[in-house]
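Here's the letter readout for the chains.
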Amino acid sequence: MFEELSAINTRPAVYAEVTTPDLWTDPHISAQMLAAHLDPYVDLSSYRTEYVEQVVAWIIDRFGIRAGLSVADFGCGPGLYTTRLACTGASVTGLDLSSRSLGHATSLARAEGLSVRHLHQDYLTYRDDARYDLIILVMRDYCALPPDDRQALLHTVRAHLDAGGSFVFDVDSASAFAHVQERAVYAPSLMDGFWSDRPYFGFHNTYRYEREYVSLDKYEIFEADRKRTFFNWVRHFTPEELTGELTEAGFTGVEVLGDLTGSPYDGEAPQFAAIATTVSTAC
Ligand SMILES: C[S@@+](CC[C@H](N)C(=O)[O-])C[C@H]1O[C@@H](n2cnc3c(N)ncnc32)[C@H](O)[C@@H]1O
């Protein structure tokens, strides 16, 4: 028992394991995530509805979204942005790993008589002939990726952006990292049954990785006949670091904003956003 508890409470090496897809593909957990997406009042899997509306209004205005333009939403989830953007007449594609969320997105678009192309694809490896005027990645998903996957994502984005196209996304800030506190929590049915529909015991450890500006929320879930571990990594950025990463990946223009409603950058805020552009279509 002591050894097992010691192992649970030992800090893993940074990016020791990546389990992000499990959150979106496990049948029970993806159902919890979808419920969180669709709660209009919380900023959990998706932002609350009021903010989603503001983001969509800003995107339409800033990028002149209209019929004739082509937009892709990477990690579109249940289609909160794809359906709203499709109302402009633009050609909209949503990509996601979660068949459950895509099912919801498809039904939503159909119910509203909108044509949205939904693809069950991994945005790290996605390739097709489509070229987009705008690619969006909402809810700070960039920060959940380890460095190699961030590079793979940026490569995919560049490969699918039309000349002069833009990539718009938000990230967790260095200021948010300052508030991350290391801690260890144990509870039967940790997070009220979020992790399984069967009885379980859950351990939640939060770690800080100072040099890397990374935090980890690690969940170890023990059921009668199985043990699973989930790693939720978050890379926190300064505008300079993010700009450096984008430039290294071949983006030639980077504009830093406060968030996805176009507000000005605020160094104290827990998040910020960026618009990355490139004049080249190489890749
Ligand atoms: C935090 S949710 C945000 C969903 C949506 N952008 C929103 O704000 O409503 C992240 C979404 O990205 C999807 N996702 C995560 N990794 C992905 C990957 N490698 N390729 C495609 N989709 C991915 C998940 O399935 C999930 O729907």
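Along each chain, residue indices are assigned from 1 in the same order as the chain's sequence is written. Whole-chain, interface and lining totals are the exception, using all residues; otherwise, since this is a predicted model, local features are given only for residues with pLDDT of at least 70 and side-chain atom pairs are given and counted only at 80 or more.

Visitor: Give a detailed account of the nonpolar core, specifying residues and quantitative values.
Guide: Ranked by internal contacts, the top residues of the largest apolar core, which has 50 residues, are Val71, Leu85, Ile135, Ile136, Val168, Phe169 and Ala274. Contact between residues is assigned whenever the C-beta positions, reconstructed from backbone atoms, fall within 7 Å. In this structure, Phe169 is in contact with Ile136, Leu137, Tyr142, Ala273 and Ala274, ignoring residues within four places of it in sequence. When buried Ala, Val, Leu, Ile, Met, Phe, Trp, Tyr and Cys residues are joined through C-beta atoms within 7 Å, the set is termed a nonpolar core. Each residue is classed by its C-beta neighbour count within 10 Å, where at least 20 other C-beta atoms makes it buried, 12 or fewer makes it exposed, and intermediate counts make it partly exposed; the C-beta atoms are placed from backbone geometry.

Visitor: An account of the site of the ligand is requested, with residue identities and associated values reported.
Guide: Contact assignment follows one rule, namely that a residue is near a molecule or strand if its backbone-placed C-beta atom lies within 6 Å of it. Taken together, 20 residues sit near the ligand, with Trp24, Ser46, Gly75, Gly77 and Ser98 positioned nearest. For the purposes of this entry, the term helix denotes a DSSP run of H or I that reaches at least four residues, the term strand denotes a run of E that reaches at least two, and both are numbered from the N terminus. Elements represented by at least two residues in the shell around the ligand include exactly helix H2 (20-25) and strand S2 (91-96). Class assignment of the residues belonging to the shell around the ligand gives a composition of nine nonpolar, eight polar and three charged. Only Asp, Glu, Lys and Arg are considered charged, only Ala, Val, Leu, Ile, Met, Phe, Trp, Tyr, Cys and Pro nonpolar, and every remaining residue, Gly among them, polar.

Visitor: A description of the sheet that holds strand S5 (residues 161-172) should follow, citing residues and the corresponding values.
Guide: If you trace the seven strands from one edge of the open sheet to the other, you get S3-S2-S1-S4-S5-S11-S10, paired in mixed fashion. Either end of the sheet is taken by a strand with one partner, and the two such strands are strand S3 (116-120) and strand S10 (253-257). Each adjacent strand pair in this sheet contributes to an overall mean axis angle of 15°, direction not counted. DSSP-based pairing: two strands are paired if at least 2 bridges between them are found. Sheet topology note: the S5/strand S11 (residues 271-277) ladder contains seven bridges and is antiparallel. Across the sheet, the residue bridging to Ser166 is Thr277, located in S11. For helices, the axis comes from a line fit to the C-alpha atoms of the stretch in contact; other axes are also lines fit to C-alpha atoms, and the angle between any two N-to-C directions lies between 0 and 180 degrees. Across the sheet, helix H6 (residues 99-111) touches S2 and S3, and the angle it forms with S3 is around 170°. The strands touched by helix H7 (residues 147-160) within the sheet are strand S1 (70-74), strand S4 (132-137) and S5, with S5 carrying the most contacts at an inclination of about 150°.

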